[in-house]
Amino acid sequence: MTNRPHLLYVAWGFPPCRGGGVYRALATANRFAALGWKVTVLTADRDTFFRFTGADLTLEERVDPSVEVVRVPFEWPILEADLRRWSKRRASNPKLWAKWRTKQDQIPFPESGYGPWRSVIEKAAERIHKAHKVDLTVATANPHVAFTAAYHLHKKFQVPYVMDYRDAWLLDVFTGDRLHEPNSRAARWEKKLVESAREVWFVNDPIKEWHEKLYPAQASRMHTVANGFDPDLVPDTQDRGAVTDRPLVFGYVGTVSPKVPLKEFVEGWQLAKEQSGELAGARAKIYGYLGYYAQPRADMLATINAAADAGVSYEGPVGKAEIAKAYDEFDAQLLMLGKGRYVTSGKVFEYLATGLPVVSVHDPENAASDVLRGHPLWFPVADVTPEAIAAALVEAAHAARTADEGIRAKAREFGASYRRDLQLDPRIEALAASVQGVAA
């Protein structure tokens, strides 16, 4: 590009945020910068993540030095645990205050907890645009309030924008049900946002196809931009050979949400160890967060600890930059996901990069199955029951001990096609060509 176009990237969760979507946000901002764009990121202040979600400082070091990060205040009163920060009204009747606060949040924008951020990011986006003209805005959800900053610049200054969904707003990706009625404020907001967007991105085909049916007039603007793995953050993909002389290590890395079949996995693991001598002494290590917040959920931790004698252990969170050390221990990987036709998970792509066996502990109908289909070392469960999970684990253990170099090479080759830049580049190049005044 002869002239550097200016991208405004709006993301509530950006490093040092440790949420799952932060990796897509980081990679997108960095990739635009690598392809010649001036990139400004508009995000929440750092204290938000330290106080509420947990922070990963190693990710902050990965932000391209050319990317300007503009941080604005974000208030999250409903999660405030410090009683010294509570008002007298809240302290006297916490439940009544919570109901009132939830209603107040949704006055500016129909999203509990995040609605009040609308005015903050709209004003900040306008300041950024006036200081240095924005040529394109990409806003990523969730929260979906991030889209309002892009819409504001479009309406006031005709700046084109892209809506990047990690999941969906009106669609429950786990059940397939609608989350908001057609005449709800959320549905009306999404409709006008989609109608004005230059492009709308989704992480998999099933979610895109659902929205194409909902907005047929805008279907041509919708694209699947799958997640992928970041080459500089994945473990060594060189073949380590079959494991013949020691106990196997199975591993999971990621957030264990309440949707994950953790109890079924633990029971299946215990069954598998009873059924196969190839699992003698084997361990199942779980890295990440138990639940959505920094403090592990007590019920999940209890489920894991109850199986300690069977080799199941919780290893705690691991920084993205140190994640390779965790993978270096693994002989097979555990992909545990909640049920849902529309569920892919960004974790599947990272798993693919290793070339190691993958045990899918999730419903066969999940969209993740579409990604993994054809992988020579993929071991899906027939259903999410302890018995089916045990069968898949036994098969994976045998493969970890016997798969030859040819099969392992095919597994690495299969995974290589999901490098993240290969997913992003076609859309970035198309946008560069379409944005007025940009020489591609």
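Please read these numbers as outputs of a predicted model, since none were measured by experiment.

With respect to the overall build of the chain
Helices and strands together make up the secondary structure of the chain, namely 17 helices and 13 strands. Here the C-alpha atoms of the chain give a radius of gyration of 23 Å, agreeing with the 22 Å that 2.2 N^0.38 yields for 440 residues. Dimensions of the chain, computed from the C-alpha atoms along their principal axes, are close to 65 × 60 × 40 Å. Counting every position in the chain, which comprises 440 residues, the buried fraction comes to 55%. The long-range fraction of contacts in the chain, counting pairs at least 24 apart against all pairs at least 6 apart in sequence, stands at 75%.

Here we look at unusual backbone geometry
A cis amide bond links Ala-141 with the next residue in sequence, Asn-142, at an omega value of 10°. Its place among the elements puts Asn-142 in the loop between strand 4 (136–141) and helix 7 (146–157). In this structure, Pro-143 follows Asn-142 across a cis peptide bond, with omega equal to 10°. Of note, the phi angle at Gln-158 is positive, near 60°, even though the residue is not glycine. Take Gln-158: it is sitting in the loop between helix 7 and strand 5 (161–165).

Considerations on the sheet that holds strand 5
Taken in spatial order, the seven strands line up as 3-2-1-4-5-6-7 in an open sheet, and their pairing is parallel. In this open sheet, the two strands that pair with only one neighbour each are strand 3 (68–72) and strand 7 (222–224). In this sheet, adjacent strand axes meet at a mean angle of 20° when their direction is disregarded. In this structure, strand 6 (residues 199–202) lies alongside strand 7, joined through three bridges in parallel fashion. Residue pairing across strands places Val-200 opposite Met-222, the latter belonging to strand 7. Those strands touched by helix 6 (residues 117–131) are strand 1 (6–11), strand 2 (38–44) and strand 3, and its axis lies near 160° from that of strand 2. The strands touched by helix 8 (residues 185–196) are strand 5, strand 6 and strand 7; relative to strand 5, the strand with the most contacts, the crossing angle is about 125°.

Focus: the packing of aromatic side chains
Applying the stated criterion to the full structure yields 24 aromatic pairs. Centroid distance Phe-74 to Trp-117: 5.8 Å. Interplanar angle 90°. Geometry classified as edge-to-face. You can see Phe-74 sitting in the loop between strand 3 and helix 4 (88–92) and its partner Trp-117 sitting in helix 6, a full 43 residues away along the chain. Across this residue pair, the class does not change: Phe-74 and Trp-117 are buried. A cation over an aromatic ring shows up here: Arg-90 above the ring of Trp-86, its NZ or CZ 4.0 Å from the ring centre. Its guanidinium or amino end placed over the ring of Phe-174, Lys-259 lies 5.2 Å from that ring's centre, counting from NZ or CZ.

The rules behind each value
Residues numbered from 1 in each chain as written. Predicted model: local features only at pLDDT ≥ 70, side-chain atom pairs only at ≥ 80, totals over all residues. Heavy atoms only, no water. Helix = DSSP H or I, 4+ residues; strand = E, 2+ residues; numbered from the N terminus. Rg over C-alpha atoms; globule rule 2.2 N^0.38 Å. Buried < 20%, exposed > 50% of the residue type's maximum accessible area, 1.4 Å probe, protein only. Contact = heavy atoms within 4.5 Å. Pairing = 2+ DSSP bridges. Axes fitted to C-alpha atoms, helices over the stretch in contact; angles between N-to-C directions. Phe/Tyr/Trp six-rings, centres within 6.5 Å; stacked < 30°, edge-to-face > 60°. Lys NZ or Arg CZ within 6 Å of the ring centre and 35° of its normal.

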